[in-house]
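Coordinate analysis (summary)
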Amino acid sequence: MQATARYNYYELLELTSAAPQHEVSAAYERARNTYSGDNPAIYTIFSEQEARELLVMIEEAYQVLGNKILRNIYDQRLLSGRASLNDLTYHSIVEASKQVYPDSKTEKKEAAYKKDPAFEKEIQAQDNWTGDYLKKVREYKQISVERMSEITKINSWYVTAIEKVEPGNLPAVVFVRGYVVQIARALGLDDKKVADSYMKIFKASLGK
């Protein structure tokens, strides 16, 4: 089965499958600026819901193509021409990476910190995921802002802005949620629980 545009990340970012890695970031920035809610022209083409969904797809495309390991898995599946749509989803690609690269540097780095049973229990019970608490967990797991940026492919400036809850230094809300999800996964947390909690705080800072 051939991939539809929904999961052809190269088409979404207007790239060829042979595009070098540095072009992925540039294409992502162009797509994000073009389809951002801050661009009023977008609503002459798409409804607000469609625009939000498109931004989510663009974010997924960047998370996959901007990561060499994920891109390699994705390319193998996409270019084989035999992949199902489910095989090409972001979650499927990430899960495959865990099986193919179980000894990746990322996992070794995350396993290097000294665990504190009391704090681990506190993390599990945490329901109020503020930016400060995300930072506390990141530092506890000995992951620097720069390393977090490498793992998630999120600009280090945005990682810091998320921890400080600085809406003025962050892109559209839909992207912020995507970033928080990626950070939570990198920290080995329940990404939905963390994102839901964080976004309530973030939207409150916007007066929404």
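Shown above is the structure to which this text applies.
Source: prediction; values computed, not measured.

1. Thoughts on unusual backbone geometry
Glycine aside, the phi torsion of most residues is negative, and most peptide linkages are trans. Of note, Lys-153 is a non-glycine position whose phi angle comes to about 65°, a positive value. Following the sequence through the fold, Lys-153 ends up in the loop between α9 (145-152) and α10 (156-164). In this structure, Val-165 is a non-glycine residue whose phi angle is positive, near 50°.

2. Let's talk about the packing of aromatic side chains
Under the counting rule described, the total for this entry stands at nine aromatic pairs. Each ring, one from Tyr-28 and one from Phe-175, has its centre 6.3 Å from the other, and the planes form 85°; the classification is edge-to-face. With a gap of 147 residues between them, Tyr-28 in helix α2 (residues 21-35) and Phe-175 in helix α11 (residues 173-186) connect regions that are remote in the sequence. Of the two residues, Tyr-28 and Phe-175, both sit in the buried class.

3. Notes on the packing of helix α7 (residues 117-125) against helix α8 (residues 131-140)
Orientation of α7 relative to α8, taken along the N-to-C sense of each, is 145°, at an axis distance of 12 Å. The crossing of α7 and α8 is left-handed. Across the interface between the two elements, Phe-119, Glu-120, Glu-122 and Ile-123 from α7 touch Tyr-133, Lys-136, Val-137 and Tyr-140 from α8. The residue inventory of the contact of α7 with α8, partitioned by class, reads five nonpolar, no polar and three charged.

4. With respect to the packing of helix α3 (residues 48-65) against α11
Where α3 contacts α11, the two axes come as close as 9 Å, and the packing angle between them is 35°. In this structure, α3 crosses over α11, and the sense of that crossing is right-handed. Between α3, through Arg-52, Leu-55, Val-56, Glu-59 and Gln-63, and α11, the contact on the second element is made entirely by Val-174, Phe-175, Tyr-179 and Gln-182.

5. With respect to the pattern of salt bridges
Enumeration according to the criterion identifies nine salt bridges in this entry. Of the charged contacts, one joins Arg-138 and Glu-163 as a salt bridge, the two residues approaching to 2.6 Å between their closest N and O atoms. Placement of the pair is Arg-138 in helix α8 and Glu-163 in helix α10, with a sequence separation of 25 residues. Pair check on accessibility: Arg-138 and Glu-163 agree, each one buried. The residue Arg-185 makes a salt bridge to Asp-191 at a minimum N-O spacing of 3.6 Å. Overall, the relative accessible area of 23% leaves Asp-191 in the partly exposed class. Residues joined in a network through salt bridges with shared partners are Arg-177, Lys-192 and Asp-196.

6. A short note on α2
With 15 residues, α2 extends 22 Å from end C-alpha to end C-alpha; this agrees with the ideal 21 Å at 1.5 Å per step. Taken together, the buried positions of α2 are occupied by Val-24, Ala-27, Tyr-28, Ala-31 and Arg-32. Across the axial projection of α2, the buried residues extend over an arc of 135°, all falling on one side. Facing away from the buried surface of α2 by more than 90 degrees, the exposed residues are His-22 and Asn-33.

7. Some points on the environment of Phe-202
Of note, Phe-202 is situated in helix α12 (residues 191-205). With a relative accessible area of 1%, Phe-202 lands in the buried category. For the pair formed by Phe-202 and Val-165, sequence separation is 37 residues and the distance between their alpha carbons is 6.5 Å. Among residues more than four places away in sequence, those in contact with Phe-202 are Val-165, Pro-167, Leu-170, Val-173 and Val-176.

Parameters and conventions
Throughout, a residue's number is its position along its own chain's written sequence, starting from 1. Under the rules for a predicted model, residues below a pLDDT of 70 receive no local features and side-chain atom pairs below 80 are neither given nor counted, while totals for whole chains, interfaces and linings still include all residues. For the side-chain quantities, the full set of heavy atoms in the structure was used; hydrogens and water were omitted. A run of H or I in DSSP becomes a helix once it reaches four residues, and a run of E becomes a strand once it reaches two; helices and strands are each numbered from the N terminus. The criterion for an aromatic pair is that two Phe, Tyr or Trp rings (for Trp, the six-membered ring) have centres within 6.5 Å, with stacked assigned to planes under 30 degrees apart, edge-to-face to planes over 60 apart and tilted to the rest. Working definition: with a 1.4 Å probe on protein chains only, accessible area under 20% of the residue-type maximum means buried, over 50% means exposed, and in between means partly exposed. Only the contacting stretch of a helix is used when fitting its axis, a line to C-alpha atoms as for every element, and angles between N-to-C directions run 0 to 180 degrees. Take the far helix as the reference: if the near one is turned anticlockwise from it by less than a right angle, the crossing is left-handed, and if turned clockwise, right-handed. Contact between two residues is taken to exist if any of their heavy atoms lie within 4.5 Å; hydrogens are not considered. When residues are sorted by character, Ala, Val, Leu, Ile, Met, Phe, Trp, Tyr, Cys and Pro go into the nonpolar class, Asp, Glu, Lys and Arg into the charged class, and all the rest, Gly among them, into the polar class. Salt-bridge detection follows one rule: a side-chain nitrogen of Lys or Arg within 4 Å of a carboxyl oxygen of Asp or Glu. Any helix carries an expected span of 1.5 Å times its number of residues minus one. By construction, the arc corresponds to the directions joining the helix axis to the C-beta atoms.

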